[in-house]
Amino acid sequence: MVQQASSCIASLISSLLPASGSLQTPHSGYHWDGNPRRFFEGWYYRVTLPDLGQTFAFMYSIEDPQGGTPASGGGAQILGPNDEYLCRSFPQVQKFWAWQQALGMGHWRYTSEAAHSQTSQSDLETKQPRLLPPAEFDRWVKEGYQATATWQQGVLNDPGSGASARWQYKIQPIYGWGNVGSPQQSTAGWLSSLQIFEPGWQILMAHGLATGWIDWNGQRYNFTNAPAYSEKNWGGSFPQKWFWLNCNCFTDEPDLALTAGGGRRGVLWWVESVAMIGIHYRGKFYEFVPWNSKVTWQIKPWGCWQMQAEQGQYRVELTGTCDTPGTPLRAPTEQGLIFFCRDTMHGHVTLRLWQRDRSQPILVAQSHLCGLEVGGGPWEETWEST
């Protein structure tokens, strides 16, 4: 029976990994090495519903997983329709699990129903937290989440406000971070494997298709092949200031994905400002990063994001705008998970891409469902840099 159960779990894990191993990016696995130093790791998943003009963004994090510090614990945040917000904390680090070699993590609590089954509550709580089959997760987990490269599931309930969310959807990855059919790339370059840069940042899936459902405060959203995205960050130090633009739901361009961002990050004993733009378009990856491009940006404290970049063959211009106030979100900091950034999923973005020896652009694309963010600080004036 034990061998049969192990076989079932192995089969489950196999089914929730990407169908193509080439789509797994570097840094997909969990980074904590057991060191008791200050540490965080965070994951971001998003599903966009074009017909409704809405987006759901799921943000999961774990801080000081060794336990015993004021910041130790996890969090789950959702930015839902019309930029509505739901957040729950998970203070017991023992209930968190993550895979070291592939994308997979979860944090959960158990229901009292376990006492009325063949598996007792105490038996479940003494087992190592792990990926559960979807039906078992529904049965046992009162509040929590589990996520892999191809599956997302969870339930959150805020007894104070009465807000709630429940979700289940499968993911078909299309673009990782790099050219199709080639080994996928580290977003911050190969040196990011050496813990020189902190925090680390990795786009896990620049574009994919999600099928399933999300229940938000009692309203159920069903979707098939909706644009999906995921990324992560991690480290022992925390970003001082940053900005971000992301969209894979462009008007009349279903095979286009954009991620751009920049910030001040730690490099050994100093701090540097860097930025990048990555575009996946019709099977090709256009990368503008500090080691191959000149990247320039002008980011207002809120309302306008502008970037320009050029390298040997191509140049690009981005403009993101927002006429809503956005929603404050929590982020890992030296003080723990606190409100430290502002987001909207209803930004307007215009993307122009040229081949440098031609006057007409290869691509001009727009969207009103762009994710826009500023974080850290100070944000007292426009941040201009190259």
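For the structure, see preceding data.
All of the points below concern the structure found in this document. In this text, all values refer to a predicted model and were calculated from it rather than measured experimentally.

Examining the overall build of the protein
Broken down by element type, the protein carries three helices and 23 strands. Sequence separation of at least 24 residues holds for 60% of the intrachain contacts in the protein that already meet a minimum separation of 6. A total of about 16800 Å² of accessible surface is found on the protein, and carbon and sulfur atoms cover 49% of it.

Re the state of the cysteines
What the rule picks out here adds up to zero disulfides. Cys-249 forms no disulfide, and the closest cysteine sulfur to it belongs to Cys-247, at a distance of 6.1 Å.

Brief notes about unusual backbone geometry
With an omega of 10°, the peptide bond running from Gly-377 to Pro-378 counts as cis. Relative to the helices and strands, Pro-378 is located in the loop between β22 (363-376) and β23 (383-385). In the Ramachandran plot, Asn-225 falls in the positive-phi region, its phi being about 55° despite a non-glycine side chain. Of note, Asn-225 is situated in strand β12 (residues 219-235).

Notes on the sheet that holds strand β2 (residues 54-63)
Pairing within the open sheet is antiparallel, and its 11 strands lie in the order β4-β3-β2-β1-β12-β11-β9-β8-β7-β6-β5. Bordering the open sheet on either side are β4 (85-90) and β5 (96-98), each of which pairs with just one other strand. Between one strand axis and the next, the sheet turns through 20° on average, direction left out of account. Pairing of β5 with strand β6 (residues 104-110) involves three bridges; the strand directions are antiparallel. Residue pairing in the sheet places Ala-98 in a bridge with Met-105 of β6.

Here's the deal with the environment of Pro-81
With respect to the secondary-structure elements, Pro-81 resides in the loop between β3 (73-79) and β4. Residue Pro-81 is classed as buried on the basis of its relative accessible area of 4%. Taking the C-alpha atoms as reference points, Pro-81 and Thr-55, 26 residues apart in sequence, are found 6.0 Å from one another. Pro-81 has contacts with Gln-54, Thr-55, Phe-56, Trp-216 and Tyr-221, leaving out every residue within four places of it along the chain.

Considering the nonpolar core
Counting 39 residues, the largest nonpolar core has Trp-43, Tyr-45, Tyr-60, Met-105 and Trp-167 as the members making the most contacts within it. With near-sequence residues (within four places) excluded, Trp-167 lies in contact with Phe-58, Tyr-60, Ile-78, Gly-144, Tyr-145, Gln-152, Gln-153, Gly-154, Val-155, Leu-156, Trp-213 and Ile-214. Core analysis: the next-biggest nonpolar cluster, separate from the first, contains 33 residues, Phe-250, Phe-288, Ala-309 and Leu-353 among them.

Some remarks on the packing of aromatic side chains
Taken as a whole, this structure holds 24 aromatic pairs when the rule is applied. Seen from their ring centres, Trp-177 and Phe-285 are 4.9 Å apart, and the 65° between their planes marks the pair as edge-to-face. A residue pair is termed long-range when its members are at least 10 positions apart, and Trp-177 in the loop between β9 (164-175) and β10 (197-198) and Phe-285 in strand β16 (residues 284-288) qualify at 108 residues. Considering the side-chain rings of Phe-243 and Trp-383, the 5.7 Å spacing of their centres and the 85° angle between planes classify their relative orientation as edge-to-face. Here Phe-243, found in strand β13 (residues 241-247), pairs with Trp-383, found in strand β23; they are 140 residues apart in sequence, far enough to count as distant. No difference in accessibility class separates Phe-243 from Trp-383, as the two residues are buried. In textbook terms, an aromatic cluster arises when at least three aromatic residues are bridged by ring pairs, as seen for Tyr-30, Phe-39, Trp-43 and Phe-96. It is Arg-220 that lies over the ring of Trp-213; its NZ or CZ is 4.2 Å from the centre. The side chain of Arg-315 reaches across the aromatic face of Trp-354, ending 4.0 Å from its centre.

About the criteria used
- Residues numbered from 1 in each chain as written.
- Predicted model: local features only at pLDDT ≥ 70, side-chain atom pairs only at ≥ 80, totals over all residues.
- Heavy atoms only, no water.
- Helix = DSSP H or I, 4+ residues; strand = E, 2+ residues; numbered from the N terminus.
- Contact = heavy atoms within 4.5 Å.
- Areas by Shrake-Rupley, 256 points an atom, 1.4 Å probe, with all protein chains shown as cover.
- Disulfide = S-S within 2.5 Å.
- Pairing = 2+ DSSP bridges.
- Axes fitted to C-alpha atoms, helices over the stretch in contact; angles between N-to-C directions.
- Buried < 20%, exposed > 50% of the residue type's maximum accessible area, 1.4 Å probe, protein only.
- Core = buried A, V, L, I, M, F, W, Y, C linked by side-chain atoms within 4.5 Å.
- Phe/Tyr/Trp six-rings, centres within 6.5 Å; stacked < 30°, edge-to-face > 60°.
- Lys NZ or Arg CZ within 6 Å of the ring centre and 35° of its normal.

What is shown is where atoms sit, not what they do.
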